[in-house]
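# What the coordinates show
Next come the chains, spelled out residue by residue.
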Amino acid sequence: MGHLLTRIKYCLIYKVGVHFPDRRVRVWALRALGYEVGEGTYFADDLVITLAYANRGRLRLGRRVAIGPGCILVLTAHANNSKVKQQLTEKERWITIEDDVWLGAGVIVLPEVTIGEGAVIGAGSVVTKDVPAHCVAVGNPARVIKKVGE
Ligand SMILES: CC(C)(COP(=O)(O)OP(=O)(O)OC[C@H]1O[C@@H](n2cnc3c(N)ncnc32)[C@H](O)[C@@H]1OP(=O)(O)O)[C@@H](O)C(=O)NCCC(=O)NCCS
């Protein structure tokens with residue numbers, strides 16, 4: 001029973017808090033879920049974090065990170081009841097997004113990825129591997145096309 005109530009609590013914090021219209025409440029909710037969120041970080045009210053309430057503490061957002069609308073942070077790779085599950089490696093790892101990163105609209109970040117300080121990820125990109133600091137990466141899979149400011 002205690003386990004179920006805890007699950008409901010974290011589910012509500014995610015469903016209501018992380019999507020609340022006020023940014024300060026959203027930041028509070030992410031921290032209440034055990035994630036690191038640096039000062040000045042902004043994320044849109046439609047941010048999706050896969051299984052956020054079951055994967056508490058597996059996300060680090062640095063300072064002044066900017067996350068545009070429609071982004072998805074994929075913390076898990078589980079195929080649920082599908083038979084393909086037996087052929088795939090299950091992942092439940094960290095995502096780290098360092099200081100001053102900007103994720104454009106609709107970016108998807110896969111598990112085990114670190115996006116380096118000050119990097120920019122173009123709208124609609126799928127980030128499958130680490131992105132070095134101060135680089136612009138775009139596309140699916142996201143590839144570095146230049147340094148920021150070039
Ligand atoms: C990534 C981004 C910042 C790059 O802007 P930029 O430095 O002005 O780059 P350019 O527009 O000159 O594009 C450079 C190349 O990357 C390509 N490119 C740019 N953004 C891309 C994207 N999101 N996906 C795929 N390719 C992209 C361009 O087509 C261009 O290719 P080319 O050299 O073959 O012509 C910008 O394109 C972007 O995606 N911004 C996000 C905006 C957004 O999501 N706003 C809402 C949230 S706040």
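Residues numbered from 1 in each chain as written. Predicted model: local features only at pLDDT ≥ 70, side-chain atom pairs only at ≥ 80, totals over all residues.

## Re the sheet that holds strand β13 (residues 120-121)
- Overall, mixed pairing links the six strands, which are arranged β2-β5-β10-β13-β15-β16 in an open sheet. A strand with exactly one partner marks an edge of an open sheet, and here the two such strands are β2 (42-43) and β16 (143-147).
- Direction of pairing for strand β10 (residues 102-103) relative to β13: parallel, over a ladder of two bridges. When the bridges of β13 are listed, W102 appears paired with V120. (Pairing = 2+ DSSP bridges. Helix = DSSP H or I, 4+ residues; strand = E, 2+ residues; numbered from the N terminus.)

## Points about helix α1 (residues 2-17)
- With 16 residues, α1 extends 21 Å from end C-alpha to end C-alpha; this agrees with the ideal 22 Å at 1.5 Å per step.
- Counting buried positions over the 16 residues of α1 gives one, only a small fraction of the element. (Expected span 1.5 Å × (residues − 1). Buried ≥ 20, exposed ≤ 12 C-beta atoms within 10 Å, placed from the backbone.)

## Some remarks on the sheet that holds strand β3 (residues 48-49)
- Judged by pairing direction, the sheet is parallel, and its four strands sit side by side in the order β3-β6-β11-β14 without closing on themselves. Each edge of the sheet is formed by a strand with only one pairing partner; in this case those strands are β3 and β14 (126-127).
- In the sheet, β3 pairs with strand β6 (residues 72-73) via two bridges, with the strands oriented parallel. When the bridges of β6 are listed, V48 appears paired with I72.

## Digging into the site of the ligand
- Contacts to the ligand come from G68, G104, A105, V120, G122, A123, G124, S125, V136, V138, G139 and I145.
- Of the residues that constitute the shell around the ligand, the class distribution is six nonpolar, six polar and no charged. (Near = placed C-beta within 6 Å. Nonpolar A, V, L, I, M, F, W, Y, C, P; charged D, E, K, R; others polar.)

## Digging into unusual backbone geometry
- The omega angle of the peptide bond from N140 to P141 is -5°, so this bond is cis rather than trans.
- Here P141 shows up in the loop between β15 (135-138) and β16.

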